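Analysis of the macromolecular model
This is what each chain is made of:
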Amino acid sequence: MRIAVLISGHGSNLQALIDAVNSKKLDAKIELVLSSNSKALGLERAKKAKIPNFSLPLKNRDNFILEKLAEHKIELVILAGYLKKISAEILEKYRGRVINIHPSLLPKFGGKGMYGMNVHQAVIEAGEKKSGATVHLVTGDYDQGPILAQREVLIEKQDTAEILAAKVLKIEHQLFIDAISKFLSNLRKK
Ligand code: GRF
């Protein structure tokens, strides 16, 4: 399975996927990394792993994505910290084949503006006892596609948004790999 990973930042999830492919825990190949931010650390991770990587242009971003996906014969698109909205055209071409990871227990704390520390801040302010991460299929609406997998973390009274962010990120990597592996094996059974 030929995978593209779209990122905007640090790329720790991308790194987890690269490591999982290299250690054969994930039966797929990352053929392309695209970043909406030219300074993203994730681009360095891709370079180091010798994966073709590009930062997205400001204009005609979605056309550029479509071109690259076609050029690299991509079959599955993974959003790993990608902050831009995916165009309807891409979703049409890759229907049911775009997967995202979100740092909350969706449907709670999802939607427009709910990314990064905003999510964890909102969870703490709401006095939640638990949070976690969700892997889901991407549809036209932010964070609303069918859920593939979720994992929880407990929130202690003294936890700040920063502490919660670290707790969630720690469980994200394995969750992402497990969810993608399961998704791929279900695809192969079809
Ligand atoms: C993760 O928390 C992920 O859930 C969210 O963006 C963050 C990306 O982190 N969508 P990284 O760039 O993979 O380190």
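Summarised in this report is the structure supplied together with it. (Residues numbered from 1 in each chain as written. Predicted model: local features only at pLDDT ≥ 70, side-chain atom pairs only at ≥ 80, totals over all residues. Heavy atoms only, no water.)

On to the environment of Leu69, then. Inspection of the secondary structure assignment puts Leu69 in helix 3 (residues 61-71). With a relative accessible area of 0%, Leu69 lands in the buried category. For the pair Leu69 and Met114, spaced 45 residues apart in sequence, the C-alpha separation works out to 27 Å. With residues up to four places along the chain from it excluded, the contact list for Leu69 reads Ala4, Leu32, Ile74, Val77, Ile90 and Tyr94. (Helix = DSSP H or I, 4+ residues; strand = E, 2+ residues; numbered from the N terminus. Buried < 20%, exposed > 50% of the residue type's maximum accessible area, 1.4 Å probe, protein only. Contact = heavy atoms within 4.5 Å.)

Once that is clear, we can look at the packing of aromatic side chains. Summed over all chains, the structure comprises one aromatic pair. Relative to Phe64, the ring of Phe54 has its centre 6.2 Å away and its plane inclined at 70°; by these criteria the two rings are edge-to-face. Placement of Phe54 in strand 3 (residues 53-55) and of Phe64 in helix 3 is noted, with a sequence separation of ten residues between them. Here the guanidinium or amino end of Lys68 rests over the ring plane of Phe54, the centre of that ring lying 4.1 Å away. (Phe/Tyr/Trp six-rings, centres within 6.5 Å; stacked < 30°, edge-to-face > 60°. Lys NZ or Arg CZ within 6 Å of the ring centre and 35° of its normal.)

A word on the environment of Gly132. Its place among the elements puts Gly132 in strand 6 (residues 130-137). Each C-alpha atom, one on Gly132 and one on Leu169, is 8.7 Å from the other, the two residues being 37 residues apart in sequence. Not counting chain neighbours up to four residues away, the residues in contact with Gly132 comprise His102, Pro103, Ser104, Leu105, Arg151, Glu152, Val153, Val168 and Ile171.

Okay, the pairing of strand 4 (residues 76-79) next. Judged by which residues are buried, strand 4 turns out to be covered on both faces: Leu76 and Ile78 on one side and Val77 and Leu79 on the other are all buried. Note that strand 1 (residues 2-7) and strand 4 share four bridges and pair parallel. Opposite Ala4, over in strand 4, you have Val77 as the bridge partner. Of the strand pairs in this sheet, strand 4 and strand 5 (residues 98-102) are connected by three bridges, and their pairing is parallel. Note on strand 5: the bridge partner recorded for Ile78 is Ile99. (Pairing = 2+ DSSP bridges.)

Our next topic: the site of the ligand. In the neighbourhood of the ligand, the contacting residues comprise His10, Gly11, Ser12, Asn13, Gly81, Ile101, His102, Pro103 and Glu172. The contact in question runs from a nitrogen atom of the ligand to an N or O atom on the backbone of Ile101, over 2.8 Å. Between the ligand and Pro103, the relevant distance is 3.5 Å, taken from an oxygen atom to a main-chain nitrogen or oxygen of the residue. In isolation the ligand offers 370 Å² of accessible surface; the protein chains occlude 83% of this area. With respect to the detected pockets, the ligand is housed in the largest pocket. Counting only elements with at least two residues in the shell around the ligand, the list comes to helix 1 (12-22) and strand 5. Partitioning the shell around the ligand into residue classes produces two nonpolar, six polar and one charged. (Near = heavy atom within 4 Å. Polar contact = N/O pair within 3.5 Å; in protein donor to acceptor, adjacent residues only side chain to side chain. Areas by Shrake-Rupley, 256 points an atom, 1.4 Å probe, with all protein chains shown as cover. 1 Å grid on protein atoms, 1.4 Å probe; cavity = no way out; pocket = protein on both sides within 12 Å on 5 of 7 lines; lining within 4 Å. Sits in = over half its atoms within 2 Å of the grid points. Nonpolar A, V, L, I, M, F, W, Y, C, P; charged D, E, K, R; others polar.)

Of the volumes computed, that of the largest pocket is approximately 910 Å³. Lining the largest pocket are 38 residues, and of these Gly81, Tyr82, Leu83, Tyr115 and Gly116 sit closest to its centre. Breaking the lining of the largest pocket down by element, the ones donating at least two residues are helix 1, strand 5, helix 5 (116-125) and helix 6 (161-189). (Points joined across faces, edges and corners; volume = space filled by probe spheres on them.)

The next thing to look at is the packing of helix 1 against helix 6. Viewed as axis vectors pointing N to C, helix 1 and helix 6 meet at an angle of 45°, and their least axial separation amounts to 9 Å. One finds that helix 1 runs oblique with respect to helix 6. When you trace helix 1 past helix 6, the crossing you get is right-handed. Of the residues in helix 6, those in contact with Ser12, Asn13, Ala16, Leu17 and Ala20 of helix 1 are Leu169, Glu172, His173, Phe176, Ile177 and Ile180. Residue classes in the contact of helix 1 with helix 6 are distributed as seven nonpolar, three polar and one charged. (Axes fitted to C-alpha atoms, helices over the stretch in contact; angles between N-to-C directions. Parallel < 35°, antiparallel > 145°, perpendicular 65-115°, else oblique. Left-handed = near helix turned anticlockwise from the far one by under 90°.)

Scanning the entire structure with this criterion turns up ten salt bridges. Measuring nitrogen to oxygen at the nearest pair gives 3.4 Å for the salt bridge that ties Glu31 to Arg2. Separated by 29 residues along the polypeptide, Glu31 in strand 2 (residues 29-35) and Arg2 in strand 1 bring together distant segments of the chain. Residue Arg2 is classed as partly exposed on the basis of its relative accessible area of 29%. (Salt bridge = Lys/Arg side-chain N within 4 Å of Asp/Glu carboxyl O.)

Such coordinate-based values are descriptive only and should not be taken to indicate function.
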